[in-house]
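Letter by letter, the chains look like this.
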Amino acid sequence: MKRLILLVTLLVFMLGQINVSGQDRDENKDRWERYRAEKVAFLTNKLDLTPEEAEKFWPIYNEMDKQRSEVQQERRKLEREVQEATENLSDQEIIKLTRAYAGNMEKECNLGTKYNEEFLKILPPQKVLRLYKAENEFRMYMFRRFRDHQRQKDDK
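Heads up: these notes are all about the structure in this document.

Rules used throughout
- Residues numbered from 1 in each chain as written.
- Predicted model: local features only at pLDDT ≥ 70, side-chain atom pairs only at ≥ 80, totals over all residues.
- Heavy atoms only, no water.
- Phe/Tyr/Trp six-rings, centres within 6.5 Å; stacked < 30°, edge-to-face > 60°.
- Helix = DSSP H or I, 4+ residues; strand = E, 2+ residues; numbered from the N terminus.
- Buried < 20%, exposed > 50% of the residue type's maximum accessible area, 1.4 Å probe, protein only.
- Salt bridge = Lys/Arg side-chain N within 4 Å of Asp/Glu carboxyl O.
- Contact = heavy atoms within 4.5 Å.
- Polar contact = N/O pair within 3.5 Å; in protein donor to acceptor, adjacent residues only side chain to side chain.

## Examining the packing of aromatic side chains
Counted by the stated rule, this structure contains eleven aromatic pairs. When the ring of Phe 57 is compared with that of Phe 119, the centres are 5.4 Å apart and the planes differ by 40°; the resulting orientation is tilted. Taken together, the residues span a long stretch of sequence, with Phe 57 in helix H2 (residues 51-84) and Phe 119 in helix H3 (residues 91-122) at a distance of 62 residues. The class of Phe 119 is buried, set by a relative accessible area of 0%. Ring centres 6.4 Å apart and planes at 40° place the aromatic pair Tyr 115 and Phe 119 in the tilted group. In this pair, Tyr 115 and Phe 119 both sit in helix H3, four residues apart, roughly one turn of the helix. Taken together, the ring pairs connect Trp 32, Tyr 35, Phe 42, Phe 138 and Tyr 141 into an aromatic cluster.

This is how it looks when you write it as structure tokens:
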């Protein structure tokens, strides 16, 4: 009987965890959607694109943003692996890890170079420069917002 109660309690707990993790995923997805929408609005405002420019710009920007996100996810994974690695690994394992890490940074750099040229084909150079400034402004804006939100949580 005790085993049955323990089993039922464990089952209820596990089902609750599954539900919470699904909610977390939905919440993260919603948060990401809001972030993307805010970023698009911010960039749209700053770039002052003509309708023709916008029609060409947004598909390329979205493609770049997707690829950049994938490379950055891979970088974060590699950064964790580097942090967790010990010098006790074999030389071959260390070489493989360091090459993957350096190769990932190269991928990210190559994406920037590739899409810079794509943007220069469809936008005046001044607007490409404005894009980079606007991306940095948005990033700083989000950092400040996050920091302020954290301070408000800490003050409570």
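Past the structure itself, the notes keep going.
## Points about the pattern of salt bridges
A full pass over the atoms with the stated rule returns 14 salt bridges. The salt bridge involving Arg 75 is made with Glu 108; its shortest N-O contact spans 3.0 Å. Here Arg 75, found in helix H2, pairs with Glu 108, found in helix H3; they are 33 residues apart in sequence, far enough to count as distant. Its salt-bridge partner being Lys 121, residue Glu 118 comes within 3.6 Å of it at the nearest N-O pair. Placement of both Glu 118 and Lys 121 in helix H3 is noted, with a separation of three residues, approximately one turn of the helix. Of the residues examined, Glu 118 reaches a relative accessible area of 26% and is grouped as partly exposed. A network of salt bridges, in which partner residues are shared, links Arg 36, Lys 39, Asp 65, Arg 68 and Glu 135.

## Overview of the environment of Arg 36
Here Arg 36 shows up in helix H1 (residues 2-47). Given the relative accessible area of 17%, Arg 36 is considered buried. Not counting chain neighbours up to four residues away, the residues in contact with Arg 36 comprise Asn 62 and Asp 65. A polar contact of 2.7 Å, which involves the side chain of Arg 36, links it to the side chain of Asp 65.

These figures come from the coordinates and say nothing about function on their own.
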